[in-house]
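Remarks on the overall topology
Residue strings, one per chain:
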Amino acid sequence: MTINLKIALVIITFIYIAFILKEVKRKKLQISLSTFWLISGILLIFAILIPNLVENLTKLLGFEVQSNMLFCITIFVAFYLIFELTIRVSKVYTNNISLVQEISLLKNRIEQLEKEKK
Amino acid sequence: MRLNMKAILIIPAYNEEENILNVFEKIQEYNKNSERKVDYVVINDSSKDNTLKILQENNINHINLIQNLGIGGAVQTGYKYAYQNGYDIAIQFDGDGQHDINYVEKICKPIINKEADMCIGTRYLDKNESEFQSTFMRRLGKNIISFFIKVFSKKNITDPTSGFRAVNREIIKIFSENYPTEYPEPESTMELLLNDYKIMEVPVSMNERKGGKSSINLWKSIDYMIKVSLALIIDSINLKSRKSRNVKNKN
């Protein structure tokens, strides 16, 4: 990696981290969910700055090429994330159902009470 | 029949403007002629047609779901209503006119006599009594679900997808707290069986749909079959492990 490329990558990663922090501050992203993204940003910076880190890791894990290892890790992490999102969506779905039911039951009750009043 | 037992029909309705008034009139007629009256509540599952308007204009007791939940979520709302209003028997009854109100007495009897916790109105027990013979795909689907239920609970249920069912107060409570919303009929049947509740079946005949259209086609039914089978397998594993844990805790 040339020094120019390194500097560019570090800058981009810092922008990435700043972007995440901004979303957390605007309360668009829950803090508990933001940790994953923040940690990924910090790891990226380590990978760029520490010389030979990726190279050694590739050898250690037995990959032939660095890019293979990076793609492999990325895909695994992406799968995990998608799975976790599916779980969250299921939970939101169940919660939504009971909310709709309760509100609808309450509306019916209110209507009945209003009728009795008349 | 014990007269002090309060019964309610839970009628889920989604886009049933052609049928719902008819169903309502049949219920009134039934109540005029029979000794024991049944209450009813229509659950309008955010219909896109004029169902809500018809319900309001004719002063039909209804709950209007503010968002579309699908049949399972709609029926559970009915069970919640039944539980909150202290009903002893809840009968699931379709809003499309498929079910015959005159079988309500028959379907409630095992519950009133405490012979069963749930009673299913089945189309296939007695072929002579049923004029409604459904398509090959439907029958095949039913057989596959029955097979799975038989494997996991070792009990025979001929028509686990029937939406014409009566349950007692205890089951109303269970369903109002927790009702499978994705594949409600087969999953809830399985759950009750695995928890050692008694289920009985009585033969009923059903009418063809009078209006509207049924939302079933080949691919949908295959997709349905695969997912139901999977759901039943997962449910039974869950319940069995929960049960063994309970046993251990007791010891």
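None of the values given here were measured: they were computed from a predicted structure.

The rules we used
Residues numbered from 1 in each chain as written. Chains lettered and ligands numbered in written order. Predicted model: local features only at pLDDT ≥ 70, side-chain atom pairs only at ≥ 80, totals over all residues. Heavy atoms only, no water. Helix = DSSP H or I, 4+ residues; strand = E, 2+ residues; numbered from the N terminus. Contact = heavy atoms within 4.5 Å. Areas by Shrake-Rupley, 256 points an atom, 1.4 Å probe, with all protein chains shown as cover. Axes fitted to C-alpha atoms, helices over the stretch in contact; angles between N-to-C directions. Parallel < 35°, antiparallel > 145°, perpendicular 65-115°, else oblique. Nonpolar A, V, L, I, M, F, W, Y, C, P; charged D, E, K, R; others polar. Core = buried A, V, L, I, M, F, W, Y, C linked by side-chain atoms within 4.5 Å. Buried < 20%, exposed > 50% of the residue type's maximum accessible area, 1.4 Å probe, protein only. Buried area = accessible area lost by both parts, 1.4 Å probe. Salt bridge = Lys/Arg side-chain N within 4 Å of Asp/Glu carboxyl O. 1 Å grid on protein atoms, 1.4 Å probe; cavity = no way out; pocket = protein on both sides within 12 Å on 5 of 7 lines; lining within 4 Å. Points joined across faces, edges and corners; volume = space filled by probe spheres on them. Phe/Tyr/Trp six-rings, centres within 6.5 Å; stacked < 30°, edge-to-face > 60°. Lys NZ or Arg CZ within 6 Å of the ring centre and 35° of its normal.

**A look at the overall build of chain B**
For chain B, the helix and strand inventory stands at eight helices and seven strands. Long-range pairs, those at least 24 residues apart, make up 75% of the contacts in chain B between residues at least 6 apart in sequence. Entry remark: accessible area of chain B is about 12,500 Å², with carbon and sulfur atoms responsible for 50%.

**As for the packing of helix H3 (residues 53-61) of chain A against helix H4 (residues 66-117) of chain A**
Residue and element names in this part refer to chain A. Two elements in contact, H3 and H4, have axes separated by 9 Å at closest approach and are oriented at 80°. Comparing the axis directions of H3 and H4 gives the class roughly perpendicular. Between H3 and H4, the residues in contact are Val54, Glu55, Leu57, Thr58 and Leu61 and Gln66, Met69 and Leu70, respectively. Among the residues forming the contact of H3 with H4, the class breakdown is five nonpolar, two polar and one charged.

**Digging into the nonpolar core**
Most often, soluble globular proteins have nonpolar side chains that are buried together. Counting 41 residues, the largest nonpolar core has B:Tyr79, B:Ala90 and B:Val167 as the members making the most contacts within it. Apart from the residues within four sequence positions on either side, B:Ala90 is in contact with B:Ile8, B:Ile10, B:Tyr79, B:Ala82, B:Arg165, B:Ala166, B:Val167 and B:Ile172.

**Describing the interface of chain B and chain A**
Taken together, the contact between chain B and chain A spans 16 residues of the former and 14 residues of the latter. Overall, the association of chain B and chain A removes approximately 1,300 Å² of surface from exposure, summing both partners, and the carbon and sulfur fraction of that is 53%. Its largest share of buried area at the contact with chain A, chain B owes to B:Ile66, B:Leu69 and B:Lys80, together 38% of the area lost on that side. In this assembly, chain B and chain A are joined by one salt bridge. Here B:Lys80 ties to A:Glu102 by a salt bridge, and the two come within 3.6 Å at their closest N and O atoms. Of all the secondary-structure elements, those providing two or more residues to the side of chain B that touches chain A are strand S3 (62-64) and helix H3 (70-84) of chain B. Here the side of chain B that touches chain A takes six residues from H3(B), the largest share from any one element. When grouped by side-chain class, the residues that make up the side of chain B that touches chain A number five nonpolar, ten polar and one charged.

**Here's the deal with the pattern of salt bridges**
Opposite charge on two side chains permits pairing when their charged atoms draw close. In the structure shown here, the tally under the stated rule is six salt bridges over all chains. Residues A:Glu84 and A:Arg88 are paired through a salt bridge, measuring 3.7 Å at the closest nitrogen-oxygen approach. Of this pair, A:Glu84 and A:Arg88 both sit in helix H4, four residues apart, roughly one helical turn. Residue A:Glu84 is classed as partly exposed on the basis of its relative accessible area of 26%. For B:Glu177, the salt bridge is made with B:Lys173, and the minimal N-O distance between the two is 3.5 Å. Placement of the pair is B:Glu177 and B:Lys173 together in helix H6 (residues 169-177), with a separation of four residues, close to one helical turn. Among the residues examined, B:Lys173 registers a relative accessible area of 36% and is labelled partly exposed.

**Description of the layout of surface pockets**
Residue and element names in this part refer to chain A. In this structure, the second largest pocket spans a volume of roughly 1,100 Å³. Ser40, Leu43, Leu44, Ala47 and Leu70 are the residues nearest the centre of the second largest pocket, which is lined by 31 residues in total. Of all the elements in the fold, those that place two or more residues in the lining of the second largest pocket are helix H1 (3-25), helix H2 (31-49), H3 and H4. Looking at the lining of the second largest pocket residue by residue, the classes come out as 24 nonpolar, five polar and two charged.

**Brief notes about helix H4 (residues 104-112) of chain B**
Residue and element names in this part refer to chain B. Among all positions of H4, only Val104, Ile107, Cys108, Pro110, Ile111 and Ile112 are buried. Against strand S1 (7-13), helix H1 (20-33), strand S4 (89-92), strand S5 (118-122), strand S6 (165-168) and strand S7 (199-203) lie the buried residues of H4. Positioned one or two residues after H4, Lys114 has a phi angle of 60°, which is positive.

**Quick word on the packing of aromatic side chains**
In this description, an aromatic ring pair is defined by two values, namely the gap between the centres and the angle between the planes. Inspection of the entire model under this criterion finds nine aromatic pairs over all chains. Note on A:Phe36 and A:Trp37: the rings are 5.0 Å apart at their centroids and 85° apart in plane angle, and the pair reads as edge-to-face. According to the relative accessible area criterion, A:Phe36 is partly exposed, its value standing at 28%. Overall, the relative accessible area of 36% leaves A:Trp37 in the partly exposed class. Their ring planes at 50° and their centres at 5.6 Å tell us that B:Tyr79 and B:Tyr179 sit as a pair that is tilted. Of the two residues, B:Tyr79 is situated in helix H3 and B:Tyr179 in the loop between H6 and helix H7 (184-194); the sequence distance between them amounts to 100 residues. Overall, B:Tyr79 belongs to the buried group, its relative accessible area being 0%. Each member of the aromatic cluster is reached from another via a ring pair, and the members are B:Tyr79, B:Phe175 and B:Tyr179. Directly above the aromatic system of B:Tyr87 lies the positively charged group of B:Lys6, at a separation of 4.7 Å from the ring centroid.

No statement about biological role is implied by the geometric values presented.
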